[in-house]
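Summary of the model geometry
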Amino acid sequence: MTTQSDTTRTDDTRTDNTRGDSARSDGARSDGARTVLVTSATGKTGRRVAAGLAARGVRVRAGSRGGSRGGAVRLDWEDPETWGPALDGADAAYVTYYPDLAAPGAEEAMRTFGRLAAERGVRRLTLLSGRGEPEAVRAEEALRGAGPELTVVRAAFFAQNFDEGLLAEGVAAGAIAFPAGGTAEPFVDVDDLAEVVVETLLGDEHVGQVHELTGPRALTFAEAAAEITRAAGREVVYVPMTEGEFAGMLTGLGLSEPEAAWLAALFTALLDGHNTPVTDGVKRVLGREPRDFSAYAARAFGRP
């Protein structure tokens, strides 16, 4: 999510530790845009996309809720007055919306952001979205209708949520409590996702496309916990929860009851099996197979 810091896919915008505009002078080649605004540039996908763009010789404008801290430009999704100034001078933008494209208000926010981008001469946008979310599709279409060229990247549940996001605390404690039941999910590696996003921002052939990204196989959360157990050399188990139990856990962590209920309902809807099939989105864009969850687990949890 965006509300809790990357659940299904969204980036945590609550930490600001990145640099602002940066450019390389080592001769690295870029194919299209020369200045790219990366929203949520301190999040899981944002910081990887920023690094990938810089490696291609692209000037990166790091958008951050905290603004000038760390050299970033201020872009707060809860403050539309910050959106236009952050877009000024950019050729393209990577858009990751907080709290989630399926959240109330996202459709109008995307319409407004797209209009501001068009007014400022931003010609290309890549939007991070989620699989199987009708509300997110409406937000996608609102942004598409605003003017700039748009590519949509719909991602499966992030593998990195187990070590960088929502589930990291549970993994550290040895028990992952989540309302997924026995549903299998084709977890996508965020490193793959970031590489895809960079290509969509720099390559004309992706304009107007919707890329659905998954890993190469679907695992249940219990199977994912077993993979982490093997990599870490310590037991990590999956503890299934009901929607109500999960909402109660979230309120105990400080979320308001309406936010907790909405989030629990979102996960329950997303993890009902309709997102289980794998796609060839990563291979179609990058020309290679996506990284497997076992490779992710070895990198994230493997013993030195």
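Scope of this entry: the structure provided in the associated data block. Keep in mind the model is a prediction, meaning the values are calculated, not measured.

**Some points on the overall build of the protein**
- Scanning the protein from terminus to terminus reveals 11 helices and 11 strands.
- For the protein, restricting intrachain contacts to residue pairs at least 6 apart in sequence, the fraction spanning at least 24 positions comes to 80%.
- Element-wise, carbon and sulfur atoms account for 49% of the exposed surface of the protein, whose accessible area totals about 11,700 Å².

**Observations regarding helix 9 (residues 257–270)**
- The end-to-end C-alpha separation of helix 9 is 20 Å, in line with the 20 Å expected for 14 residues at 1.5 Å each.
- Each element contacted by the buried residues of helix 9 is listed here: strand 7 (175–178) and helix 8 (243–252).

**Notes on the pattern of salt bridges**
- For the coordinates displayed, the defined rule picks out 30 salt bridges.
- Note that Arg131 is salt-bridged to Glu212, the shortest N-O span being 3.0 Å. Of this pair, Arg131 sits in the loop between strand 5 (124–130) and helix 4 (134–144) while Glu212 sits in strand 9 (residues 210–213), and the two are 81 residues apart along the sequence.
- A relative accessible area of 7% means that Arg131 is categorised as buried.
- Judged by its relative accessible area of 26%, Glu212 is partly exposed.
- With its nearest N and O atoms 3.3 Å apart, the salt bridge here joins Glu141 to Arg144. Note that Glu141 and Arg144 are positioned in helix 4 at a spacing of 3 residues, about one turn of the helix.

**Overview of the environment of Gly105**
- Along the polypeptide, Gly105 turns up in the loop between strand 4 (92–95) and helix 3 (106–119).
- On the basis of relative accessible area, Gly105 is assigned to the partly exposed category, the value being 46%.
- Between the C-alpha atom of Gly105 and that of Ala139, which follows or precedes it by 34 residues, the distance is 9.0 Å.

**Overview of the nonpolar core**
- Phe162, Ile176, Phe178, Phe187, Phe221, Phe293 and Phe301 are the most contacted members of the largest nonpolar core, which has 35 residues in total.
- Counting only elements with at least two residues in this core, the list comes to strand 7, helix 7 (221–232), helix 8, helix 9 and helix 11 (293–301).
- Counting residues in each nonpolar core, the second largest holds 30 residues, with Ala41, Ala54, Ala155 and Ala194 among its members.

**Structural notes on the pairing of strand 9**
- Here strand 9 shows one buried face, formed by His211 and Leu213, and one open face, formed by Val210 and Glu212.
- Here strand 6 (residues 149–155) runs beside strand 9; their pairing, made up of 4 bridges, is parallel. Residue Ala155 lies in a different strand from strand 9, and its bridge partner there is Leu213.

**Examining the sheet that holds strand 6**
- The strand order 3-2-1-4-5-6-9 describes an open sheet built from 7 strands, whose pairing is parallel. Both edges of this open sheet fall to strand 3 (73–74) and strand 9, since each of them pairs with a single strand only.
- Note that strand 4 and strand 5 share 4 bridges and pair parallel. In the sheet register, Tyr94 faces strand 5, and the bridge partner there is Thr126.
- Of the strands in this sheet, strand 1 (35–38), strand 4, strand 5, strand 6 and strand 9 are in contact with helix 6 (residues 190–202), which crosses strand 5 at around 150°.

**Some words on helix 7**
- Taking 1.5 Å of rise per residue, 12 residues should cover 16 Å, and helix 7 covers 16 Å from first to last C-alpha, within 8% of that figure.
- Phe221, Ala224, Ala225, Glu227, Ile228, Ala231 and Ala232 are the residues of helix 7 that are buried. One side of helix 7 carries all its buried residues, which in axial view fall inside an arc of 155°.
- Considering only its buried residues, helix 7 is in contact with helix 5 (168–173), strand 7, strand 8 (184–185), strand 10 (219–220), strand 11 (237–240) and helix 11.

Conventions used here
Residues numbered from 1 in each chain as written. Predicted model: local features only at pLDDT ≥ 70, side-chain atom pairs only at ≥ 80, totals over all residues. Heavy atoms only, no water. Helix = DSSP H or I, 4+ residues; strand = E, 2+ residues; numbered from the N terminus. Contact = heavy atoms within 4.5 Å. Areas by Shrake-Rupley, 256 points an atom, 1.4 Å probe, with all protein chains shown as cover. Expected span 1.5 Å × (residues − 1). Salt bridge = Lys/Arg side-chain N within 4 Å of Asp/Glu carboxyl O. Buried < 20%, exposed > 50% of the residue type's maximum accessible area, 1.4 Å probe, protein only. Core = buried A, V, L, I, M, F, W, Y, C linked by side-chain atoms within 4.5 Å. Pairing = 2+ DSSP bridges. Axes fitted to C-alpha atoms, helices over the stretch in contact; angles between N-to-C directions. Arc of directions from axis to C-beta.

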